[in-house]
Amino acid sequence: MKNNLKFGTKAIHAGVSPDPSTGAIMTPIFQTSTYVQASPGQHKGFEYSRTQNPTRQALEQNIAALENGKYGLAFASGLAAIDAIIKLLKPGDEVISTNDLYGGSYRIFTKVFQDFGIRFHFTGMNNPNEVKNLVNGNTKLIWAETPTNPMMNVIDIAAISEIAKAHNILLAVDNTFATPYLQNPLDLGADIVMHSVTKYLGGHSDVIMGAIVVNDESLYERLAFLQNSCGGVPGPQDAFLVLRGIKTLHLRMDRHCKNGEQIARFLAGHNRVDKVYWPGFKDHPGYEIATRQMRNYGGMISFTLKDDSQESAFKVLEKFRLFSLAESLGGVESLCGHPASMTHAAIPKEGRLKVGLKDSLIRLSVGVEDGDDLVDDISQALQK
Ligand SMILES: *Cc1c(COP(=O)(O)O)cnc(C)c1O
């Protein structure tokens, strides 16, 4: 396929073509564990479905195209994708990571891989000099997430990538929040882009999946080796669901962004609300970088209450009718959550407060419903 096609065309066509045996326009679900060989080693490129599966392969090529990358790899979850990336490292190697990151990423770093002798340093990456100060001879990987979860901090990927390149360090970016529709880290100098496909790429709250995209062939081969050797692969049914979900990614994202803006502005003008974290506000510290490296500001919003307590946050959360209280994000339906007790409960309280994650912080994943209905719901939930 031509690689200069625009996003909406790639979302629908990249990696997929009509099934040669029937003409079926939709990629078949190849629900098979193995493939028959004519003679040992004589096969059509598929031997065993942990290693290769045609439905998964179509999806891997599709996601790679959306990220302007050469190679895609799908995993059973976002965390299985992170697991593969950290397994590129050896005991004694060090990682510099954002201190404001997905709780499950923090947990696998500190509670799993630290015990295997890998050292993790956490720092705010708003100031790239803080990253530079932590680099030493053992630093092998920089882990960035932007916009960050749940504080919506924006990290300058190009600036961090300069530091990484100068010291021969890999830069991995968790692009789950922005999606390839809003931001392409490989184009900004990252070596690895990672997704929790569970979120916007799947988009319909019906699949758990992860993905990695890279440009470098040898890096791809090492990751494909890990994908096959450790075995955290998704099944073909899920690959099909995500291929289907991605076909509307650009349409969904436009609405997520539009609703996100409407709700962020409504919250900012509300008398019970203390701070609103959304990178599209001119006074957001990451506004300038977000405007440069993203195409729009997304539908993820966090806010705190003037009466800052877990109790007042819980009261608001219990009153929502359209926003469902649930973990996860990025689906067509609007969700709300309380990071301090839910997604980020694994992070100690002092660490949370250091990044501004207060007890009353509520995170919204704004869906693609009618924006006016969503505003009405928030308005009634905030009534005392
Ligand atoms: C959900 C999420 C993950 C983990 O992905 P799973 O698919 O749940 O394993 C990683 N990073 C971010 C930013 C996430 O939101």
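Residues numbered from 1 in each chain as written. Predicted model: local features only at pLDDT ≥ 70, side-chain atom pairs only at ≥ 80, totals over all residues. Heavy atoms only, no water.

What is the right way to read empty space enclosed by the protein from this model?
Picture a little ball the size of a water molecule; that probe, rolled over the atoms, points out where space is still empty. Tallied over the entire structure, the rule returns four cavities of 30 Å³ or more. As a volume, the largest cavity reaches approximately 60 Å³. Pro147, Met152, Phe177, Ala178, Leu182, Tyr200, Pro279, Met294, Tyr297, Gly298, Gly299 and Met300 are the residues that line the largest cavity. Classifying every residue of the lining of the largest cavity gives ten nonpolar, two polar and no charged. A domain-level breakdown of the lining of the largest cavity finds at least three residues from each of domain 1 (7-246) and domain 2 (249-382). Considered as a void within the structure, the second largest cavity measures approximately 50 Å³ in volume. (1 Å grid on protein atoms, 1.4 Å probe; cavity = no way out; pocket = protein on both sides within 12 Å on 5 of 7 lines; lining within 4 Å. Points joined across faces, edges and corners; volume = space filled by probe spheres on them. Nonpolar A, V, L, I, M, F, W, Y, C, P; charged D, E, K, R; others polar. Domains from an automatic or database assignment.)

Which parts of the structure should I look at to understand the packing of aromatic side chains?
Given two aromatic rings, one states the distance between the centres and the angle between the planes to describe the pair. Scanning the model with the defined rule gives eleven aromatic pairs in all. Note on Phe109 and Phe120: the rings are 4.7 Å apart at their centroids and 10 degrees apart in plane angle, and the pair reads as stacked. Placement of the pair is Phe109 in helix 4 (residues 103-112) and Phe120 in strand 3 (residues 119-123), with a sequence separation of eleven residues. Judged by its relative accessible area of 0%, Phe109 falls in the buried class. Ring geometry for Trp278 versus Tyr297: centroids 5.7 Å apart, planes at 65 degrees, classification edge-to-face. Separated by 19 residues along the polypeptide, Trp278 in the loop between strand 8 (273-277) and helix 11 (287-293) and Tyr297 in the loop between helix 11 and strand 9 (300-305) bring together distant segments of the chain. Comparing Trp278 with Tyr297, the two get one shared label, buried. An aromatic cluster of three or more residues is present, and its members are Trp278, Phe281, Tyr287 and Tyr297. Directly above the ring of Tyr102 sits Lys199, whose terminal nitrogen or CZ lies 5.1 Å from the centroid. (Phe/Tyr/Trp six-rings, centres within 6.5 Å; stacked < 30°, edge-to-face > 60°. Helix = DSSP H or I, 4+ residues; strand = E, 2+ residues; numbered from the N terminus. Buried < 20%, exposed > 50% of the residue type's maximum accessible area, 1.4 Å probe, protein only. Lys NZ or Arg CZ within 6 Å of the ring centre and 35° of its normal.)

Explain the side chain of Asp100 to me, please; I cannot follow it from the model alone.
Inspection of the secondary structure puts Asp100 in the loop between strand 2 (94-98) and helix 4. It turns out Asp100 is buried and unbridged, and the closest side chain with the opposite charge, Arg363, is 9.3 Å from it. A distance of 2.4 Å separates the side chain of Asp100 from the side chain of Thr148, its partner in a polar contact. Only 2.9 Å separates the side chain of Asp100 from the side chain of Asn153, close enough to count as a polar contact. (Lys, Arg positive; Asp, Glu negative; His and termini not counted. Salt bridge = Lys/Arg side-chain N within 4 Å of Asp/Glu carboxyl O. Polar contact = N/O pair within 3.5 Å; in protein donor to acceptor, adjacent residues only side chain to side chain.)

Any chance you could explain the sheet that holds strand 2 here in plain terms?
Sheet strands line up and pair through hydrogen bonds in the backbone, either parallel or antiparallel. The seven strands are arranged 1-7-6-5-4-2-3 in an open sheet whose pairing can be described as mixed. Looking at the sheet topology across the chains shown, the edges are occupied by strand 1 (71-75) and strand 3. Within this sheet the neighbouring strands show an average axis-to-axis angle of 20 degrees, counted without direction. By the bridge criterion, five bridges tie strand 2 to strand 3 in an arrangement that is parallel. Looking at the pairing, Val95 lines up with Phe120 of strand 3. Running over the sheet, helix 4 touches strand 2, strand 3, strand 4 (139-145) and strand 5 (170-174) and is turned about 145 degrees from strand 3. (Pairing = 2+ DSSP bridges. Axes fitted to C-alpha atoms, helices over the stretch in contact; angles between N-to-C directions. Contact = heavy atoms within 4.5 Å.)

What should I look at first to understand the site of the ligand in this one?
Around the ligand, the surrounding shell consists of Ser77, Gly78, Leu79, Tyr102, Glu145, Asp174, Thr176, Ser196, Thr198, Lys199, Met209 and Leu329. Between an oxygen atom of the ligand and a side-chain N or O atom of Thr198, the distance comes to 2.7 Å. Its free accessible area being 380 Å², the ligand has 94% of it covered by the protein chains. Of the residues that constitute the shell around the ligand, the class distribution is four nonpolar, five polar and three charged. (Near = heavy atom within 4 Å. Areas by Shrake-Rupley, 256 points an atom, 1.4 Å probe, with all protein chains shown as cover.)

Looking at this structure, I do not really get the side chain of Thr27. What am I missing?
Within the secondary structure, Thr27 is located in the loop between helix 1 (7-13) and helix 2 (54-66). Taking the relative accessible area as the measure of exposure, Thr27 reaches 12% and is therefore buried. When sequence neighbours within four positions are dropped, the list of residues in contact with Thr27 reads Val16, Thr55, Ala58, Phe240 and Leu243.

What should I look at first to understand the nonpolar core in this one?
For soluble globular proteins, the rule of thumb is that nonpolar side chains tend to be buried together. Counting 67 residues, the largest nonpolar core has Ile263, Leu267, Phe303, Phe320 and Leu364 as its most contacted members. Among the elements that line this core, the one with the most residues is helix 10 (residues 249-268), at six residues. Mapped onto the domain boundaries, this core takes at least three residues apiece from domain 1 (7-246) and domain 2 (249-382). Discounting residues that sit within four places of it in the chain, Phe303 has contacts with Leu267, Val273, Lys275, Val276, Ser360, Leu361, Ile362, Leu364 and Leu382. Counting 29 residues, the second-largest nonpolar core is a separate cluster that includes Ala84, Tyr106, Ile212 and Val214. (Core = buried A, V, L, I, M, F, W, Y, C linked by side-chain atoms within 4.5 Å.)

Help me out: how do you make sense of the domain arrangement of the protein chain in this one?
It is common to give the size of an interface as the accessible area that goes away when the parts come together. Each domain of the protein chain was delimited in the assignment, giving domain 1 (7-246) and domain 2 (249-382). For domain 1 versus domain 2, the distance between C-alpha centres works out to 26 Å. Listed per partner, the contact involves 42 residues of domain 1 and 43 residues of domain 2. Each partner contributes to the roughly 3400 Å² buried at the junction of domain 1 and domain 2, and carbon and sulfur atoms together form 63% of this total. Between domain 1 and domain 2 we count one salt bridge in total. (Buried area = accessible area lost by both parts, 1.4 Å probe.)

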